[in-house]
Amino acid sequence: MSRIDSPDLTPQQQLESYGYKQELKRSVSTLDLLIYGLVFMVPIAPWAIFGVVYNAAGGMVPLVYLIGLIAMIFTALAYQQMAKSIPLAGSVFSYVGRGIHPTAGFFAGWAILLDYLLVPTLLYVFAAESMVGIFPDSPRWMWAVIFVVINTVINLLGISSIKRINRIFLAIELAFVVIFVVIAVNALSGNTIPDAAFTIDPLWDASKVTGPLIASALSIAVLSFLGFDGISTMSEEATGGRNAAGRAMIMALFVVAFLFILQTWLASALAGGRESFGDDEVGNAFFILVQAASNSGWMTAFFVVNVMAVGIANAMAAQAATSRLLYSMSRDRQLPAFLSRIDRRQIPRNAVLVVSAISAVLVLFFVGQIDLIAALVNFGALFGFMMLHLAVIVYYVVRKKSHNYLLHLVVPILGFLIIGYVLLNAAPQAKIGGVIWLVLGAGVFFYYRISGRKTEFSGEDAEKGADDLDVTKVPAVGPGESLS
């Protein structure tokens, strides 16, 4: 075992053994990571897309999320394994770069950067569309900019502010989950909605389950869980040891899956066995069911909570994760150096401001094009996940000669095949846009190589360096510097 992997090392010592000094504020507990992951995935996420998923899955919406849990657990386990050995803020960029090679790490990071840069934009556009539904005569761009400003201020106030806001919004979302459960149970018990009744058909209806339906559900479900990986970007701010981020990712995935399945099972039961929702209902199907089971007042309350959860809580978490990825890539000299500068609050201020500026510009171009943004987001995430699975195999089986073939070979192979299948069946615009983004990344990569800037440590180099160093005396270096 190399010293980098020694269980005796504190998180800060392990970080320093990679040649970095502790710059980000290490004050995020495992519970904070769990809350952050839940907020990022949004426990009430099924509300907005319930009608679309209901129509696509023949009414078996909870089955879709159960399939999603089974599919994504392989990727979550891969993240857990890499986060345990490489607890750096760069997530896939760091894991692939140090697990396989810095070049592979750059392209993995560049791919998932497409996901992270566009997720805030997608959320702002979605929230703006919803606000126009509440205030019909208001301009979409105005609401998008308002949400951008709110989240920028929260992120600039530091990790403590993010933690507080996360707790507040998670409490509100969970409270409304409980309220919905009470409304649904009362309606189903009191026959408030004709033909609505408790049934297990939404979980499994053998007469409707087919291969193509399962395949379609897999695509929807995998994409519904995007966000748990954002926990890994907080690794350098975690206080719970090297396994904190990995534990939080697994817990967050199971908790949010339970909430998704519970809510969609009750909502599907309230649908009363209907075949599908019409075009005039599909976008607001969940809220229509809430109105039918209670009253218009509750429907409006649920709608407002959904908008706030997406436009503030979810977007805030996405912006924080994106800024940490930019910070890490800049620190390793793969992006402009100013992105790795830390302010007195110990946050990557410039990276936060860049993410905000990009989001503010992009929302002006992508308003009304939610499908296109979502397709590009999906490509970035899926490509990054595939590279992650390869990194687990190379890092543990090839380099470390691990004999834990279940976690380090079988799990990543299955995860790679599942994610590969989803990516292969992605929308054409997702694949075209993704390839264009990777070509652009190749240009950036060669520019930095020609200019003489490259990552100094691969995973192998870091381990070799750690074996030759007393990690209690490793000099801490700053962004753009290397050990010599």
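Residues numbered from 1 in each chain as written. Predicted model: local features only at pLDDT ≥ 70, side-chain atom pairs only at ≥ 80, totals over all residues. Heavy atoms only, no water.

### A few points about a nonpolar patch on the surface
Heads up, the condition is: Patch membership requires more than 30% relative accessible area and the absence of a salt bridge. Residues of like charge join within 9 Å; the nonpolar side chains Val, Leu, Ile, Met, Phe, Trp and Tyr join within 5 Å. Note on areas: Shrake-Rupley, 1.4 Å probe, and residue coverage restricted to the protein chains presented here. Counted as salt bridges are all cases of a side-chain nitrogen of Lys or Arg within 4 Å of a carboxyl oxygen of Asp or Glu. Only DSSP runs of H or I covering at least 4 residues are called helices, and only runs of E covering at least 2 are called strands; the numbering of each starts at the N terminus. Each residue gets one of three labels from its accessible area relative to the maximum for its type: buried under 20%, exposed over 50%, partly exposed in between, using a 1.4 Å probe on protein chains only.
Taken together, Trp141, Val145, Val149, Val153, Leu157, Val361, Leu364 and Phe365 make up a surface patch of nonpolar side chains, about 770 Å² in accessible area. Mapped onto the elements of the fold, Leu364 is located in helix α13 (residues 349–366). Residue classification places Leu364 among the exposed residues on the basis of a relative accessible area of 53%.

### Points about the confidence of the model for the protein
This is how the line gets drawn: pLDDT expresses how confident the predictor is about each individual residue, on a scale running from 0 to 100. The contact criterion used throughout is that any non-hydrogen atoms of two residues lie within 4.5 Å.
Scored by pLDDT, the protein has a mean of 84; 89% of the residues are at 70 or more. Overall, residues 457–484 carries pLDDT values under 50, and its contacts beyond four positions in sequence, including any with other chains, amount to 52 contacts.

### Re helix α10 (residues 244–270)
We count it as follows: Given a helix with a known number of residues, its expected span is that number minus one, times 1.5 Å.
Spanning 27 residues, α10 covers 39 Å between terminal C-alpha atoms, matching the ideal 39 Å at 1.5 Å per step. Most of α10 is tucked away, with 20 of its 27 residues classed as buried. Looking one or two residues past α10, Gly272 carries a phi angle of roughly 65 degrees, positive in sign.

### Overview of the pattern of salt bridges
Counted by the stated rule, this structure contains five salt bridges. A salt bridge links Asp32 to Lys163; the nearest nitrogen and oxygen atoms lie 3.7 Å apart. Taken together, the residues Asp32 in helix α2 (residues 30–41) and Lys163 in helix α8 (residues 159–189) connect sequence positions 131 residues apart. Considered together, Asp32 and Lys163 belong to a single accessibility category, that of buried residues. Glu237 is the partner of Arg324 in a salt bridge, and the nearest nitrogen-oxygen pair spans 3.0 Å. Residue Arg324 is located in helix α12 (residues 296–331), and its partner Glu237 is located in the loop between α9 (211–224) and α10; the two are separated by 87 residues in the primary sequence. In this structure, Arg324 and Glu237 share a single accessibility class: buried. Residues participating in the shared-partner salt-bridge network are Asp32, Lys163 and Arg167.

### Some points on the packing of helix α4 (residues 61–85) against α9
Convention followed: For helices, the fitted axis covers only the stretch in contact; all axes are lines through C-alpha atoms, and the angles between them, taken along N-to-C directions, range from 0 to 180 degrees. We call two directions roughly parallel when the angle between them is under 35 degrees, roughly antiparallel when it is over 145, roughly perpendicular when it lies between 65 and 115, and oblique otherwise. Helix crossings are classified by the rotation of the near helix relative to the far one: an anticlockwise turn of less than a right angle makes the crossing left-handed, while a clockwise turn makes it right-handed.
Remark: α4 packs on α9, axes separated minimally by 8 Å, with the N-to-C direction vectors making an angle of 70 degrees. Between α4 and α9, the angle is such that the two are roughly perpendicular. Remark: the crossing between α4 and α9 carries right-handed chirality. Of the residues in α9, those touching α4 at Leu63, Val64, Tyr65, Ile67, Gly68, Ala71 and Met72 are Ile214, Ala217, Leu218, Ile220, Ala221, Val222 and Ser224.

### Looking at the packing of helix α7 (residues 140–156) against α12
The cut-off we apply is this: All residues other than Ala, Val, Leu, Ile, Met, Phe, Trp, Tyr, Cys, Pro, Asp, Glu, Lys and Arg, Gly among them, are scored as polar; the first ten of these are nonpolar and the last four charged.
At a closest axis distance of 9 Å, the pairing of α7 and α12 adopts a crossing angle of 50 degrees. The orientation of α7 relative to α12 falls into the category oblique. Viewed along their axes, α7 and α12 form a crossing whose handedness is right-handed. Packed against α7, whose contacting residues are Phe147, Ile150, Asn151, Thr152, Ile154 and Asn155, the element α12 presents Val307, Met308, Gly311, Ile312, Ala315, Met316, Gln319, Ala320 and Arg324 at the interface. For the contact of α7 with α12, a count of residues per class yields nine nonpolar, five polar and one charged.

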